[in-house]
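Chain residues, written in single-letter form:
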Amino acid sequence: ALHPHKTAGVEMVNLRQRLRWMTSVEPLATDILPASVQSFLESNPPRLVGRDFDVRPKLEPPSLFYQRHLDSRLVLRRVHVVPLETLLSHVIDLTLESLAGRGISLPRLGPDTPFDQCSSRDHTVSNNAQSVSQAYQDTTSWCASTLACSLLLHPRAQVWSDSSMNFGEFRKSGEYGKASLQCWALTISPSQLQFEALKKYIDTETCEIMDALHERYRPLAYWQTFFVDEEAKELLKDLDRIALDHVIEGSCRTLGFLEPTIGTFPVPLDAPETPWGSPVSSLIPELAPSKKLPKNNPKNGCGTRSLAAKNTHTTCHRGNLNINPTSKSGKGPRHDRIVWPEVWLGVQKLKLRDSFLLQAWAQSVEADTTFIIFHCGNFERIGFRHRETQTLLLTDLIDIPNCSNPPYGRLQAGLYLAILQDAISRLKQQQAIDNEKPKSRRRRREPEDVPTTTRYNTRSAVSKESDEARSFEVLKQHASKCPLALVTLRYGNYNSVSPSAFLRLGATEKTTYGPHEYISLVLTSEIGSGGVGTVYRAKLEAAIDGSLCESSVAVKLGFTKYHTERLLLENSAYGRLSKGGVTEGIPFVFGLFMDTESDVAALVMTYHGQSLRSIRPPGHRLEFPAEIQDAYVQTLRSIHRAGVCHGDIREENLMLIDYEKPAIVDFDHSRMSPNALEADREMETLLAVLTEVPSDVENQSSTSYEEDDFSDEESAVDNSEMQGDVPDKLEVKGGESEIT
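Quick summary incoming for the structure in this document. Remember, it's a predicted structure, so these values are computed and weren't measured experimentally.

Remarks on the overall build of the chain
What the chain contains, in helices and strands, is 17 helices and 29 strands. When burial is assessed residue by residue, the chain has 55% of its 740 residues classed as buried. Counting only carbon and sulfur atoms, one obtains 48% of the accessible surface of the chain, whose full area is about 33800 Å².

Some remarks on helix α5 (residues 129-152)
The largest bend along α5 measures about 45° and falls at Gln137. With 19 of its 24 residues buried, α5 lies for the most part within the structure. Measuring from the side-chain oxygen of the N-cap residue of α5 to the backbone nitrogen of Gln130 gives 3.2 Å; that N-cap residue is Asn128.

Side note on the packing of helix α7 (residues 204-216) against helix α11 (residues 408-436)
For the pair α7 and α11, the least separation of the axes is 10 Å and the interaxial angle reads 90°. Taken together, α7 and α11 sit at an angle that is classed as roughly perpendicular. Counted together, Glu205, Ile209, Ala212, Leu213 and Arg216 of α7 and Leu420, Ala423, Ile424, Leu427, Lys428, Gln430, Gln431 and Asp434 of α11 form the full contact between these two elements. Here the contact of α7 with α11 is built from residues that sort into seven nonpolar, two polar and four charged.

Regarding the sheet that holds strand β26 (residues 661-664)
Taken in spatial order, the three strands line up as β22-β25-β26 in an open sheet, and their pairing is antiparallel. Since the sheet does not close on itself, it has two edges, and those belong to β22 (610-611) and β26, each with one partner. Pairing analysis gives four bridges linking strand β25 (residues 654-657) to β26, with the strands arranged antiparallel. Residue pairing for β26: Leu654 is matched across the bridge by Ile664.

Some thoughts on the side chain of Lys476
As for its placement among the helices and strands, Lys476 is situated in helix α12 (residues 459-479). Ignoring sequence-local partners within four residues, the contact set of Lys476 consists of Phe588 and Phe590.

Quick look at the packing of aromatic side chains
Per the stated rule, a full pass over the model turns up 17 aromatic pairs. The interplanar angle of 35° and the centroid separation of 5.2 Å between the aromatic rings of Phe167 and Trp184 together place this pair among those described as tilted. With a gap of 17 residues between them, Phe167 in strand β4 (residues 165-169) and Trp184 in strand β5 (residues 181-188) connect regions that are remote in the sequence. Here Phe167 matches Trp184 in class, with each residue buried. Among the aromatic residues, ring-to-ring pairing joins Phe65, Tyr66, Tyr491, Tyr494, Phe502, Tyr536 and Phe559 into one connected group. Lying across the ring of Tyr217, Arg426 places its NZ or CZ 4.6 Å from the centre. The side chain of Arg537 reaches across the aromatic face of Tyr607, ending 3.6 Å from its centre.

Looking at the environment of Gln431
By secondary structure assignment, the location of Gln431 is in helix α11. Residue class for Gln431 comes out partly exposed when judged on its relative accessible area of 32%. For Gln431 and Ala212, which are 219 residues apart along the polypeptide, the C-alpha to C-alpha distance reads 9.6 Å.

Things to note about the environment of Lys561
If you trace the backbone, Lys561 turns up in helix α13 (residues 561-579). As a C-alpha pair, Lys561 and Asp599 span 38 residues in sequence and 7.8 Å in three-dimensional space.

Focus on the nonpolar core
The biggest cluster of nonpolar side chains holds 62 residues, and the ones touching the most others in it are Leu147, Leu213, Trp223, Phe371, Leu415, Tyr416 and Leu420. The element that contributes the greatest number of residues to this core is α11, accounting for 12 residues. Beyond its immediate chain neighbours, meaning those up to four positions away, Leu213 contacts Ile188, Arg218, Leu420, Ala423, Ile424 and Leu427.

Side note on the packing of α5 against α11
Where α5 meets α11, the closest approach of the two axes is 9 Å, and the angle between their N-to-C directions is 50°. As judged from the angle between their axes, α5 and α11 are oblique. Where α5 crosses over α11, the handedness of that crossing is right-handed. Contact residues: α5 offers Tyr136, Thr140, Ser141, Ala144, Ser145, Leu147, Ala148, Leu151 and Leu152, while α11 offers Tyr408, Gln412, Ala413, Tyr416, Leu417, Leu420 and Gln421. Here the residues of the contact of α5 with α11 sort into 11 nonpolar, five polar and no charged.

Quick look at the pairing of strand β10 (residues 379-386)
Taking burial as the measure, the eight residues of β10 include eight buried ones, the bulk of the element. Here β10 shows a buried face lined by Phe379, Arg381, Gly383 and Arg385 and a second buried face lined by Glu380, Ile382, Phe384 and His386. Pairing geometry for strand β9 (residues 371-375) and β10, over five bridges, is antiparallel. When the sheet's bridge partners are listed, Phe374 is paired in β10 with Arg381. The turn linking β9 back onto β10 is made up of three residues, and Gly377 within it adopts a positive phi angle of 95°. The pairing of β10 with strand β12 (residues 398-399) spans two bridges and is classified as antiparallel. Looking at β12, one finds that Glu380 is bridged to Ile398. Both β10 and strand β11 (residues 391-394) contribute to a ladder of four bridges, which runs antiparallel.

Cut-offs and rules
Residues numbered from 1 in each chain as written. Predicted model: local features only at pLDDT ≥ 70, side-chain atom pairs only at ≥ 80, totals over all residues. Heavy atoms only, no water. Helix = DSSP H or I, 4+ residues; strand = E, 2+ residues; numbered from the N terminus. Buried < 20%, exposed > 50% of the residue type's maximum accessible area, 1.4 Å probe, protein only. Areas by Shrake-Rupley, 256 points an atom, 1.4 Å probe, with all protein chains shown as cover. Bend = angle between axes of the 7 residues up to and from the residue. Polar contact = N/O pair within 3.5 Å; in protein donor to acceptor, adjacent residues only side chain to side chain. Axes fitted to C-alpha atoms, helices over the stretch in contact; angles between N-to-C directions. Parallel < 35°, antiparallel > 145°, perpendicular 65-115°, else oblique. Contact = heavy atoms within 4.5 Å. Nonpolar A, V, L, I, M, F, W, Y, C, P; charged D, E, K, R; others polar. Pairing = 2+ DSSP bridges. Phe/Tyr/Trp six-rings, centres within 6.5 Å; stacked < 30°, edge-to-face > 60°. Lys NZ or Arg CZ within 6 Å of the ring centre and 35° of its normal. Core = buried A, V, L, I, M, F, W, Y, C linked by side-chain atoms within 4.5 Å. Left-handed = near helix turned anticlockwise from the far one by under 90°.

This is how it looks when you write it as structure tokens:
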């Protein structure tokens, strides 16, 4: 039932018969559906009308920061317009053919099905993307998801139900405005959340697949929803006119920068078969796979080359920021010294339509979805991402109220079926690959085997530690004055071809920067994200007097105006603490930088270890030695004496460096010059966090599996990996018994 083309005992319909179906005017199998379902398939929603008194929002380009740093094997290379709507409309015929061949009768219609209610909706909407998304959910998504769930996930059930799929807002870090653009996604619910009346009709294999889809492919597909306006219509109409050569080659403002080694992580695969059965190459015969990229040199590692790793005299051109590897004298750099090139800035302009298309592609790559839908109320375009050839297949502009051959209802039902079938097919394929991988034989270290900290015991080692401390002081002094930071990404799907140029706040932008005027920041992993941007683990590098100095740092990126305001506040708080003599127990801040190509802000600070929330196993609590508790208390007192109130004391903002050096971070909600009452209350909050039982421990006996919240929470969410290894100094307790 999960993939009708691969069901045992049912032969796959040959391609010739499929093509005959695709060219026929009348559907072959939908006449067996209930009358109200058939009516939905043959209907079009009425035209949406914006309210005259509403202010029309301004269409502003989204941030392309992440898109500029995708691995070269994942970037968008081609856009082709193909008749996807015809193919999608016949997916429902193939599904019904499979069900009939296995003798499965269709469910009966219950009293609360959506098919009889969609036509009664109010179709006057506000002039914003939120209202358009809600109208689509009420008139189309509800019915299409009900049909897809009932035919694919629980076809033997007695009633039609959409409880397995959800269509809702899915935004990351507040990157989108509710007025002009919204990102909505189709997700699948885990088996635990199904109605009791349905659970007995869902077999074990289907439950396992639903849970795996919920875990691995949280968004099954993305919708970019715009407001009802002629400007949005024209933007959708011109999506296939993107100037890809210019966009790809000039993604960042860097000229002459050395490309990284090709990433060695496996690129996600396409489904073995399209939902409509025919291969993608049959749509575009001339579409050949991308040229094979050169194999990686094992000596170069996996795309982790630093700025100073190469000494070359070759200058290549990529974008508008130029890095000339030769010295001013024209002579090549000495091989016994680190010599960094000069850089200079240029100007790059990107058309509005290009920004939205590239942003949607990058978003789809990040979540590994296949379908991308661009929707503005009365018009729509459906995209199909082909991973192997890095191609986006687009339908022509669909006039929703006047849609015919196929009608819009039939097209959307086929789309939802195709989305679900594609995800299931890719899941099974990936599971088969994972099962073939050899299991690691490395023994997991027990907590008692983990050293609590690194200490030097010999005289030479102590001298080395002293030298490292002096080198770090030199690096702090140098990096705190550099006006420019070159940011590259080296994790997950990101392997920057060229860096983004970030200018220090307050510094004057100029054309040329010498090697002593910039630092390199290599972002290697995401630590956490929430209401005020995303925090990354990074490596800071600087060339100082012919030597390469580096340090582990944390980089906090903000993507919206709200984020920038909060980062400005946080930077001011750290500055006030520094002037007040507070140096212990808080990060050292190298500065606040702004991206020269976007509104992204970056706060660079020393890496401050792991949060108490990430160290503590869920459902248990930590008991701290008296010296650690005292260190937290003394740090907070010194913060208050310097005239700063933290404003957000909780487990996620209390850190431990090497499991024994406490630190307090995240001053983006701080207040200056607190009174005595505010300071006392904050101290009480700190003591409560350190001594009281966490809420998840108190409620562990009554925990329930709740649905996902698609809204962008104002409070930060710690996404650090659970380490599982807790040193002896921190006792882990659950209930009354200790866990060793």
